[in-house]
Structures are given as structure tokens and as C-alpha cells.
Amino acid sequence: MKHIVLLLCLSILATPLFAATITVKSDATNTGASLSDPNDPRLTSGDISGLAFSPAVVGSDSFTQVPTNAPTGTVVLQVPPGCGYYCGLNGFIETTFTLPSTFSAISMTGAARVDDWGFAFLNGHAISAQFSEYNDTIFGTNNASYFLSGLNTLVISDSNSGGGPSAVAYFADITYSAGTTPEPSTLITLGTGLVGLARLARKRLFS
């Protein structure tokens, strides 16, 4: 009897975890902010505080292409205002995604190309080696402390150290488990209580 009650307790309380994936990519939903200096230290630190972001410009005269195996809809973006081939803008391309209040086993994996070079930052944390113009560079992290419940921000920096148009193309998959499983102590407490009630009911039934 007590085993049946305990199994019932577990089935009531244990909410199964489920796997989820969020995909982000360079597309028309991204925003950007420009910097005048291709050697601005913010391009390597990921500091975007105080910058004004506006819609990114779709398309570029750069030779940069979207990374291999990028999802449909991935495009090459320019740092706004995208003022032509000789403008040589530097700055950041930004996208956001939202996570549930509880998650586990989380990771991000993606690839990017940047003209001329840049880095990826997740909520201010560096998560890549230096990107280049012509080759895919893999980036990502499985450090759970880099992810936030609610809104998360991914930015790609772009330095036009060689002049010409800016160009950023990237994609990334965020995979995680969502849902909650009760603490063992909670299950034990409730299970003990239910077993006690079952014993009391059995005693009254056969007395």
C-alpha cells in the first residue's frame, strides 16, 4: 500500500523536463550601433553601454557570405546607417532571445563571419575567438551563468580595420531543458505524510 501511495505522490509532483531550442541569426530583426574608431576597445570588450541602437541594414557590398549551414533567412548585415562602400563603419550587431524562469543543461553553438574582424558577446561575456571575413568561426558557450532568465542579449562586434563596408553574418542555436523537478526532501516529506495517512486509513478499516 505504501509503495502505491509513494508512486502516486511522485507522479503528481514530478513535472517532466522537456528539451527546447531557440535559433537566432542575422536578419532584419537585428539592431546595430556604430563606432567611429576601428580600434575602439569596446569592440573587444563587448561594452555597449550608452550606445544608441537602430535597425541593422540588410545587405552589404562586402565579400563576406553567410556561414555554412546557416538557417534559411540568414542574411549579411551592415552596422547602421550603412552609408555605402567607402563608409567603413564599425560597431555592433545585436539580437535578443528570451528564456524561461527555470532552465538547465543550456548551451549556445553557432558560427559567424565578420568584415574585417569581431567577437561575440552574450550578456557582456566574450564567447568567441576572433571572427574573420572569409571563414566560418565557431562560437558559443555552455556556461550556465552567462544565461539569464528572461531577456538575453547577443552582440557581434565589427571592426572595419581595412576600410570598406561593414558586414556581419551569423547564426546560433540555444538548447536547454525546461521544467522543474521537486526537491528530494519535498518528495520524502509528502510521501511520508501520505504513507502515514494510508496506515491510519487501513487501521480504521480493519478495526
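Residues numbered from 1 in each chain as written. Predicted model: local features only at pLDDT ≥ 70, side-chain atom pairs only at ≥ 80, totals over all residues. Heavy atoms only, no water.

## Looking at the overall build of the protein chain
Convention followed: Runs of H or I in DSSP of at least four residues are treated as helices and runs of E of at least two as strands, each being numbered from the N terminus. A simple rule labels every residue: compare its accessible area, found with a 1.4 Å probe on the protein chains alone, to the largest value its type can have, and call it buried under 20%, exposed over 50%, or partly exposed in between. The contact rule is simple, with two residues in contact once any of their heavy atoms fall within 4.5 Å. Accessible areas in this description were obtained via Shrake-Rupley with a 1.4 Å probe; residue shielding takes into account the shown protein chains only.
Assigned secondary structure in the protein chain consists of three helices and 12 strands. By the burial criterion, 42% of the 207 residues in the protein chain qualify as buried. At a minimum sequence separation of 6, the contacts of the protein chain that also span at least 24 residues come to 77%. As presented, the protein chain carries roughly 10,800 Å² of accessible surface, and 59% of it is formed by carbon and sulfur atoms.

## Focus: the nonpolar core
Burial of nonpolar side chains together is a common tendency in soluble globular proteins. How we decide: Among buried residues, those of type Ala, Val, Leu, Ile, Met, Phe, Trp, Tyr and Cys that are joined through side-chain atoms within 4.5 Å constitute a nonpolar core.
Phe97, Leu99, Met108, Phe139, Phe147, Ile174 and Tyr176 are the most contacted members of the largest nonpolar core, which has 29 residues in total. For this core, the elements supplying multiple residues, two or more each, are strand S1 (18-25), strand S6 (90-99), strand S7 (103-115), strand S8 (120-122), strand S11 (150-158) and strand S12 (167-178). Element by element, the count of residues in this core is highest for S12, at six residues. Residues in contact with Phe139, not counting those within four places in the same chain, are Met108, Thr109, Gly110, Ala111, Ala112, Ala120, Ile127, Ser128, Phe131, Leu154, Phe171 and Ala172. Among the nonpolar cores identified, the runner-up in size contains nine residues, and Leu43, Leu51, Phe92 and Val155 belong to it.

## Considerations on the sheet that holds strand S2 (residues 31-35)
Where we set the bar: In this description, strands pair whenever DSSP reports at least two bridges between them.
Strand order in this open sheet of six strands is S3-S2-S6-S11-S8-S9, and the pairing throughout is antiparallel. At either end of the open sheet lies a strand with only one pairing partner, and these are strand S3 (54-55) and strand S9 (125-126). Relative to S3, S2 is paired through two bridges, and the arrangement is antiparallel. Bridging across to S3, Thr31 finds its partner in Pro55.

## Considering the confidence of the model for the protein chain
The cut-off we apply is this: Values of pLDDT, ranging from 0 to 100, describe the predictor's confidence in every residue of the model.
Per-residue pLDDT for the protein chain has a mean of 85; in total, 77% of the residues score no lower than 70. Across residues 4-14, confidence stays below pLDDT 50; counting only partners more than four residues off in sequence or on other chains, it has 13 contacts. This model gives residues 185-191 a pLDDT under 50, and the stretch forms eight contacts once residues within four places in sequence are excluded.

## Let's talk about the environment of Ile93
Counting through the fold element by element, Ile93 comes out in strand S6. Among the residues examined, Ile93 registers a relative accessible area of 0% and is labelled buried. Placed 27 residues apart in sequence, Ile93 and Ala120 show a C-alpha to C-alpha distance of 9.6 Å. Ile93 has contacts with Asn30, Thr31, Gly32, Ala56, Leu77, Gln78, Val79, Leu154, Val155, Ile156, Val168 and Tyr170, leaving out every residue within four places of it along the chain.

## Side note on the packing of aromatic side chains
We describe a pair of aromatic rings using the distance from one ring centre to the other and the angle between the two ring planes. Cut-off, in case you're wondering: Pairing of aromatic side chains here covers Phe, Tyr and the six-membered ring of Trp, requires ring centres within 6.5 Å, and sorts the geometry by plane angle: under 30 degrees stacked, over 60 edge-to-face, intermediate tilted.
Using the criterion set out here, one finds two aromatic pairs in the structure. Centroid distance Trp117 to Phe119: 5.9 Å. Interplanar angle 70°. Geometry classified as edge-to-face. The residues Trp117 and Phe119 share a single accessibility class, namely buried. Taking 5.6 Å as the distance between ring centres and 75° as the angle between the ring planes, the aromatic pair formed by Phe131 and Phe139 counts as edge-to-face. The two residues Phe131 and Phe139 agree in class, both being buried.

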